[in-house]
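# Breakdown of the fold
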Amino acid sequence: MREAFGMTTAQLAGRMGFSQPRAVEIEKAEKEGAITLDTLERAARALDCKLVYAFVPRKPLQELVMERACRIAQKRLSITGHHMSLEGQSVFDNDEKEQFEQLVRQIVEKSGSDLWREDHE
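The sections below set out a description of the structure shown in this document. What you see is a predicted model; the values in this text were computed from it and never measured.

Cut-off values and rules
- Sequence order sets the numbering: in each chain, residues are counted from 1 along the sequence as written.
- Given that this is a predicted model, residues contribute local features only at a pLDDT of at least 70 and side-chain atom pairs are listed and counted only at 80 or more, while totals for whole chains, interfaces and linings are drawn from all residues.
- The side-chain quantities take in all heavy atoms of the structure and omit both hydrogens and water.
- Numbering goes from the N terminus for both helices and strands, where a helix is a DSSP run of H or I of at least four residues and a strand is a run of E of at least two.
- Working definition: with a 1.4 Å probe on protein chains only, accessible area under 20% of the residue-type maximum means buried, over 50% means exposed, and in between means partly exposed.
- Any two residues whose heavy atoms approach within 4.5 Å are treated as being in contact.
- Throughout, the Shrake-Rupley method with a 1.4 Å probe supplies accessible areas, and for residues the shown protein chains are the sole cover considered.
- Starting at the helix axis, one direction is taken to each C-beta atom, and the arc is that of these directions.
- What makes a salt bridge here is a side-chain nitrogen of Lys or Arg within 4 Å of a carboxyl oxygen of Asp or Glu, nothing more.
- Note on method: axes are straight lines fitted to C-alpha atoms, helices fitted across the in-contact stretch only, with angles between N-to-C directions ranging 0 to 180 degrees.
- Each angle is binned into one of four classes, with values under 35 degrees roughly parallel, values over 145 roughly antiparallel, values of 65 to 115 roughly perpendicular, and all other values oblique.
- Gly counts as polar in this scheme, as do all residues outside two lists: the nonpolar Ala, Val, Leu, Ile, Met, Phe, Trp, Tyr, Cys and Pro, and the charged Asp, Glu, Lys and Arg.

Regarding its fold elements, the protein presents five helices and zero strands. Along the protein, helices (α) and strands (β) appear in the sequence α-α-α-α-α when read from the amino end. Going through the 121 residues of the protein one by one, you find that 23% of them count as buried. If you take every contact in the protein between residues at least 6 apart in sequence, the share linking residues at least 24 apart comes to 58%. Split by element, the accessible area of the protein, about 9100 Å² in all, is 52% carbon and sulfur.

Following this line, the structure appears as structure tokens:
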């Protein structure tokens, strides 16, 4: 934390309102990944910084939504296809593709938070 600013633990402790040994504990917690957001916020203020805490998707959000919608559509169509095959019915490949694409569009357009429901797994 403080290394980037060329600051001693005593200086950091003074800015944060802690003792020097407490500042050492805080740095150790940070290195171990055990520091709290509250402590990070105090450190940021002491260093005249703004703490930014965010989740950053590994892929664009639209891509994540489409992947999820495709998985749900595949699951739904495989269940439907299984029932149809038990009844001696079948769907042609082009029809399956068209049904799949239409279902994906419907899921994306109408699902909202339902898209992320666990029972879709």
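Moving on to helix H1 (residues 9-16). Where H1 is concerned, the buried positions are Thr9, Leu12, Ala13 and Met16. Down the axis, H1 shows its buried residues gathered within 100° of arc, on one side only. Away from its buried face, by an angle of more than 90 degrees, H1 presents the exposed residues Gly14 and Arg15. Where H1 is buried, its residues meet helix H2 (20-32) and helix H3 (37-46).

With that out of the way, let us pick up the pattern of salt bridges. The final tally for this structure, using the stated rule, is four salt bridges. When the shortest N-O distance is used, the salt bridge between Glu25 and Arg22 registers 3.5 Å. Separated by three residues within a single helix, Glu25 and Arg22 lie in helix H2, roughly one turn from each other. Among the residues examined, Glu25 registers a relative accessible area of 47% and is labelled partly exposed.

Contact geometry of H1 with H2 gives a least axis separation of 8 Å together with a crossing angle of 100°. Of the possible angle classes, the one that applies to H1 and H2 is roughly perpendicular. Contact with H1, carried on its side by Thr9, Ala10, Leu12, Ala13 and Met16, involves Gln20, Ala23, Val24, Ile26 and Glu27 of H2 and no other residues of that element. The residue inventory of the contact of H1 with H2, partitioned by class, reads seven nonpolar, two polar and one charged.

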